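Structure at a glance
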Amino acid sequence: MAEIGPDGNVWVIDWYNYIVQHNPTPAGFRNGPGNAYITDLRDKKHGRVYRITYDSHVPDSTEPKTLANASPDQLVQALSSSNMFWRRHAQRLLVEAGNSEVIDSLLTLLERHQLDPIGMDVAAIHAIRVLEGLEQLQKPKVRRALHQALSHPSNAVVRTAIEALPRDENSLTALLRSSAFASTNSQVRLSALLALAEMPTTAESAKQTALSLAANGSDRWLTDAGIAAAATNGGQFLSLACQQKAPIAAAILRATEITAEHVARSADSVAVALLVKA
């Protein structure tokens, strides 16, 4: 097992047992606690811990050394740490404290668009998760910030915002107006389609589902997500698929593994069932 430690290095636990199976009990052995046979080859006392560093590592003097007794402002600041160890614990402590006074500070992190060298805005991602943990996503100013995050320059932030969106009509409108379905990042498109599958049914969502299935028919996972969204949109999606002219109709039907004959002879409830792969 490996984890990032508080010093920013990777810590590895290495432990080995020559004997791992419990049963059947070999001849000449007897069973002990847990009905496992007793043998000295099960080592319960020895192991190794490795710390993996890199040669040019220079400790960051701005990183926290502890979060014990940290103030709310210090915890929010720790969400910007370059070390995920401190970010995760700061997120946990903020949620456990249940202090809604940090909302404005979290929104500032979400709106400042501070990207690191690989295009991530980790502080914004954690800010969204803290707001979610504090159950603040329904507040108007938080919802506005979340909707604006759908156009964030970091794909990871956009994906997180989509995952956190309340599954209601306001969020559906914001998602459909965003560029998530046309994103160059397949994970963003996947999250958007999965969100549609959990949101209210509208003609516009059915249309977007059809367009996404036609555009992403060669991708297994995007197709599966599109099928889930199509099943949610049921009759509206099927009606739209039948009305569209080739080649989009053919692409839709191909992606969902439904033939025109199936659609023509099936009631809505049966046709929706056909959307789900065996």
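Here is a short report on the structure shown in this document. Quantities reported herein were computed from a predicted structural model and do not represent experimental measurements.

1. Focus: the overall build of the protein
Summing up its helical and strand segments, the protein has 13 helices and three strands in all. Classification of the 278 residues of the protein by burial places 39% in the buried group. Looking at the protein alone, contacts between residues at least 24 apart form 60% of all its contacts between residues at least 6 apart. Carbon and sulfur atoms form 54% of the exposed surface of the protein, whose accessible area is close to 16,100 Å².

2. With respect to the environment of Ser-239
Position of Ser-239 among the secondary structure elements: in helix α10 (residues 220–243). A C-alpha to C-alpha distance of 9.4 Å links Ser-239 and Ala-206, two positions 33 residues apart in sequence.

3. Overview of the pattern of salt bridges
Taken as a whole, this structure holds nine salt bridges when the rule is applied. Of the charged contacts, one joins Asp-14 and Arg-48 as a salt bridge, the two residues approaching to 2.8 Å between their closest N and O atoms. You can see Asp-14 sitting in strand β2 (residues 10–14) and its partner Arg-48 sitting in strand β3 (residues 48–52), a full 34 residues away along the chain. Classification of Asp-14 as partly exposed rests on a relative accessible area of 29%. Under the relative-accessibility criterion, Arg-48 is labelled partly exposed at 35%. When the shortest N-O distance is used, the salt bridge between Glu-132 and Arg-129 registers 2.9 Å. Placement of the pair is Glu-132 and Arg-129 together in helix α4 (residues 122–133), with a separation of three residues, close to one helical turn. Taking relative accessible area as the criterion, Glu-132 reaches 32% and is therefore assigned partly exposed. Residue Arg-129 is classed as partly exposed on the basis of its relative accessible area, which comes to 24%.

4. What about the sheet that holds β2?
Taken together, three strands build an open sheet; the order of strands is β1-β2-β3 and the sheet is antiparallel. With one partner strand each, in any of the chains shown, β1 (2–4) and β3 form the two edges of the open sheet. Along the sheet, successive strands turn relative to each other by an average axial angle of 20 degrees, direction set aside.

5. Description of the side chain of Ser-178
Relative to the helices and strands, Ser-178 is located in the loop between α7 (169–177) and α8 (186–196). The exposure class of Ser-178 is buried, given its relative accessible area of 19%. Here Leu-175 takes part through its backbone oxygen, which lies 2.6 Å from a polar atom of the side chain of Ser-178.

6. Quick word on α4
For α4, built from 12 residues, the straight-helix expectation of 16 Å at 1.5 Å per residue is met to within 8% by its first-to-last C-alpha distance of 17 Å. Buried residues dominate α4, accounting for nine of its 12 residues. Among all positions in α4, only Val-122, Ala-123, Ala-124, Ile-125, His-126, Ala-127, Ile-128, Val-130 and Leu-131 are buried. If you follow the buried residues of α4, they end up packed against α2 (84–97), α3 (103–111), α5 (140–148) and α6 (155–164).

7. Structural notes on the packing of aromatic side chains
Any pair of aromatic rings gets described here by the distance separating the centres and the angle formed by the planes. Counted by the stated rule, this structure contains two aromatic pairs. Ring geometry for Phe-29 against Tyr-37: centres 5.3 Å apart, planes inclined by 65 degrees, an arrangement best described as edge-to-face. Between Phe-85 and Trp-86 the ring centres are 5.0 Å apart and the planes differ by 85 degrees, which places this aromatic pair in the edge-to-face class. A relative accessible area of 24% means that Phe-85 is categorised as partly exposed. Here Arg-42 stacks its cationic end above the ring of Tyr-37, 4.9 Å away from the centre of that ring.

8. Looking at the nonpolar core
One finds Leu-106, Ile-162, Leu-175 and Leu-196 to be the most contacted residues of the largest nonpolar core, which totals 51 residues. The element that contributes the greatest number of residues to this core is α4, accounting for seven residues. Residues in contact with Leu-175, not counting those within four places in the same chain, are Leu-150, Ile-162, Leu-165, Ala-180, Phe-181, Ala-192, Ala-195, Leu-196 and Met-199.

9. As for the pairing of β2
Here three bridges tie β1 to β2, and the two strands are oriented antiparallel to one another. Its bridge partner lying in β2, Ile-4 is registered against Val-10. Note that β2 and β3 share five bridges and pair antiparallel. Bridge pairing links Ile-13 to Val-49 in β3.

About the thresholds
Residues numbered from 1 in each chain as written. Predicted model: local features only at pLDDT ≥ 70, side-chain atom pairs only at ≥ 80, totals over all residues. Heavy atoms only, no water. Helix = DSSP H or I, 4+ residues; strand = E, 2+ residues; numbered from the N terminus. Buried < 20%, exposed > 50% of the residue type's maximum accessible area, 1.4 Å probe, protein only. Contact = heavy atoms within 4.5 Å. Areas by Shrake-Rupley, 256 points an atom, 1.4 Å probe, with all protein chains shown as cover. Salt bridge = Lys/Arg side-chain N within 4 Å of Asp/Glu carboxyl O. Pairing = 2+ DSSP bridges. Axes fitted to C-alpha atoms, helices over the stretch in contact; angles between N-to-C directions. Polar contact = N/O pair within 3.5 Å; in protein donor to acceptor, adjacent residues only side chain to side chain. Expected span 1.5 Å × (residues − 1). Phe/Tyr/Trp six-rings, centres within 6.5 Å; stacked < 30°, edge-to-face > 60°. Lys NZ or Arg CZ within 6 Å of the ring centre and 35° of its normal. Core = buried A, V, L, I, M, F, W, Y, C linked by side-chain atoms within 4.5 Å.

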